[in-house]
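# Architecture at a glance
The chain contents come next:
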Amino acid sequence: MAHDSKRVTTNLATMYGRIAPSGNHEKIKIYFCTDLDKSVLINNFEKRGWVQVAADDDWNFYWAGTQTCRNIFSVDSGYRMHDNQIINHFPNHYELSRKDLLVKNIKRYRKDLERDGSPLAEKTETNQTGGTKYLYLDFIPVTFVLPADYNMFVEEYRKNPSSTWIMKPCGKSQGAGIFLINKLSKLKKWSREAKTAFHPQIGKESYVISRYIDNPLLIGGKKFDLRLYVLVTSFRPLKAYQFKLGFCRFCTVKYDTSVTELDNMYVHLTNVSVQKHGGEYNNLHGGKWSVQNLRLYLEGTRGKEVTDKLFGSITWLIVHSLRAVSPVMASDRHCFECYGYDIIIDNTLKPWLVEVNASPSLTSTTVNDRILKYKLIDNILSVVLPPDGIPDVRWNKIPNQEALGNFELLLDEEIAAQDENSSIVSKKHNGNRWK
């Protein structure tokens, strides 16, 4: 880059995004690019003195949409990223964030552990259907992919015909296309109307159908879920951090299991994109409550011991969902990713993983929301960048404690492997924390 800061178009194949200092005493400029025109992003980047450029210019940091990331990493693009470039998605992030692939990967992970004789795969009898369930890895509801698993679903449904199931299109988000069923006839009717015969050979849009958590923990009579942010800087070795400032998202209408309310999404879906259209939506607090407030509430109503156990189980759930996808994830060193985990807690204080989002919303619905998301982006940048703040994939991705901000380390397999004693200590500590 020239001394007068004028960028010169270069051959992308050889010079794409290289940083060259323009003078001995001049500060190196960082160029960022983003597909999202969000103030929480732009303000954080500009606060660091970074300069915005277009996607086809030289850039060092790209906050991209998932499709852009796939295009950059596709064989056809011809892009070759350099050491001073990082981007906010892994190439095949969908292994975790696509509903059908998440289920497939977790099922495979459990089977692999079972085959290896791991105690993690231990099973116990279940009271409901006379079958068995995983003792330590039972954190997703019973789920099938349609149309491929239709026959297996029918077999499971007939074990407990009074149960309710929730249908979700695999590739959509924000509550789009979701509905509940409590009769097989309703599913068949929908199938006819959608002109999609449930047959594995038909390449129509796939859905997941999961046993509906019909005993959610209620606060003020309303259902809610948790949105937690998890930052992954590497999948092999696995390096993951959890943001401490998550929040609860409440439904606007009191929970009601009656058949008449089965189609009322204001009762059943916690998505803000759904709830904000309801007449009871409150713009001041946005139907949100901090995780800290939830913890205080539960400690006061249920006790500290069971509350600690719940939050330990949530950590356990997150870590093992990441371990389930780590073997299949393309762990490119230029990548990091912040996932939005959606978790429902039932009335026995058992957490269930609902889904994982690769592009959690950065839209702010309240003042507190804006503050939280600004901190989130600021802390992400501090964790993923080397101490000097200049993107460089050659550093060891082990940030110091001060850089973590509101993030806490969930797992770093590299640190655990460096010293056998620290690994043993870590396992003992985490075993107590998670179980």
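Residues numbered from 1 in each chain as written. Predicted model: local features only at pLDDT ≥ 70, side-chain atom pairs only at ≥ 80, totals over all residues. Heavy atoms only, no water.

## Looking at the nonpolar core
Grouped together as the largest cluster of nonpolar side chains are 57 residues, with contacts concentrated most on Leu 322, Tyr 341 and Leu 353. Tallying contributions element by element places helix α11 (residues 304–325) first for this core, with 10 residues. Contact partners of Tyr 341, with chain neighbours within four places excluded, come to Leu 96, Leu 226, Arg 227, Leu 228, Val 230, Leu 317, Ile 318, Ser 321, Leu 322, Leu 353, Glu 355 and Val 356. Within the second largest apolar cluster, 30 residues are counted, among which are Tyr 229, Leu 372, Ile 377 and Ile 380. (Core = buried A, V, L, I, M, F, W, Y, C linked by side-chain atoms within 4.5 Å. Buried < 20%, exposed > 50% of the residue type's maximum accessible area, 1.4 Å probe, protein only. Helix = DSSP H or I, 4+ residues; strand = E, 2+ residues; numbered from the N terminus. Contact = heavy atoms within 4.5 Å.)

## What to know about the sheet that holds strand β9 (residues 179–181)
Taken in spatial order, the 4 strands line up as β7-β10-β8-β9 in an open sheet, and their pairing is antiparallel. Since the sheet does not close on itself, it has two edges, and those belong to β7 (143–146) and β9, each with one partner. Taken over all neighbouring pairs, the strand axes of this sheet differ in orientation by 25° on average, direction set aside. Relative to strand β10 (residues 207–211), β7 runs antiparallel, the two being bridged by 4 bridges. Bridge assignment links Val 145 to a residue of β10, and that residue is Val 208. Across the face of the sheet, helix α5 (residues 99–115) comes into contact with β7, β8 (165–169) and β10 while running at roughly 130° to β7. Relative to the sheet, helix α6 (residues 150–159) contacts β7, β8, β9 and β10, its axis offset from that of β7 by approximately 140°. (Pairing = 2+ DSSP bridges. Axes fitted to C-alpha atoms, helices over the stretch in contact; angles between N-to-C directions.)

## Describing the packing of aromatic side chains
Under the criterion given, the structure shown has 18 aromatic pairs. Taken together, a centroid distance of 5.8 Å and an interplanar angle of 35° make the contact between Phe 61 and Phe 336 tilted. Of this pair, Phe 61 sits in strand β3 (residues 61–63) while Phe 336 sits in the loop between α11 and β16 (337–345), placing them 275 residues apart in sequence. Residue classification places Phe 336 among the buried residues on the basis of a relative accessible area of 3%. Through successive ring pairs, a cluster of aromatic residues spans Phe 32, Phe 45, Trp 50, Phe 61, Trp 63 and Phe 336. Above the face of the Phe 311 ring, Arg 295 is positioned so that its terminal group lies 4.4 Å from the ring centre. (Phe/Tyr/Trp six-rings, centres within 6.5 Å; stacked < 30°, edge-to-face > 60°. Lys NZ or Arg CZ within 6 Å of the ring centre and 35° of its normal.)

## Points about unusual backbone geometry
Residues Leu 146 and Pro 147 are joined by a peptide bond in cis, for which omega reads 10°. For Pro 147, the position within the fold is in the loop between β7 and α6. Cis rather than trans, the peptide bond between Arg 236 and Pro 237 has omega equal to 0°. Tracing the sequence through the fold places Pro 237 in the loop between β12 (222–235) and β13 (238–243). In this structure, Leu 349 is a non-glycine residue whose phi angle is positive, near 65°.

## Concerning the side chain of Lys 223
Looking at the secondary structure, you find Lys 223 in strand β12. One buried charge, Lys 223, has no salt-bridge partner; the nearest side chain with opposite charge is Asp 225, at 7.8 Å. Within the structure, the side chain of Lys 223 is placed 2.9 Å from the side chain of Tyr 212, a separation counted as a polar contact. (Lys, Arg positive; Asp, Glu negative; His and termini not counted. Salt bridge = Lys/Arg side-chain N within 4 Å of Asp/Glu carboxyl O. Polar contact = N/O pair within 3.5 Å; in protein donor to acceptor, adjacent residues only side chain to side chain.)

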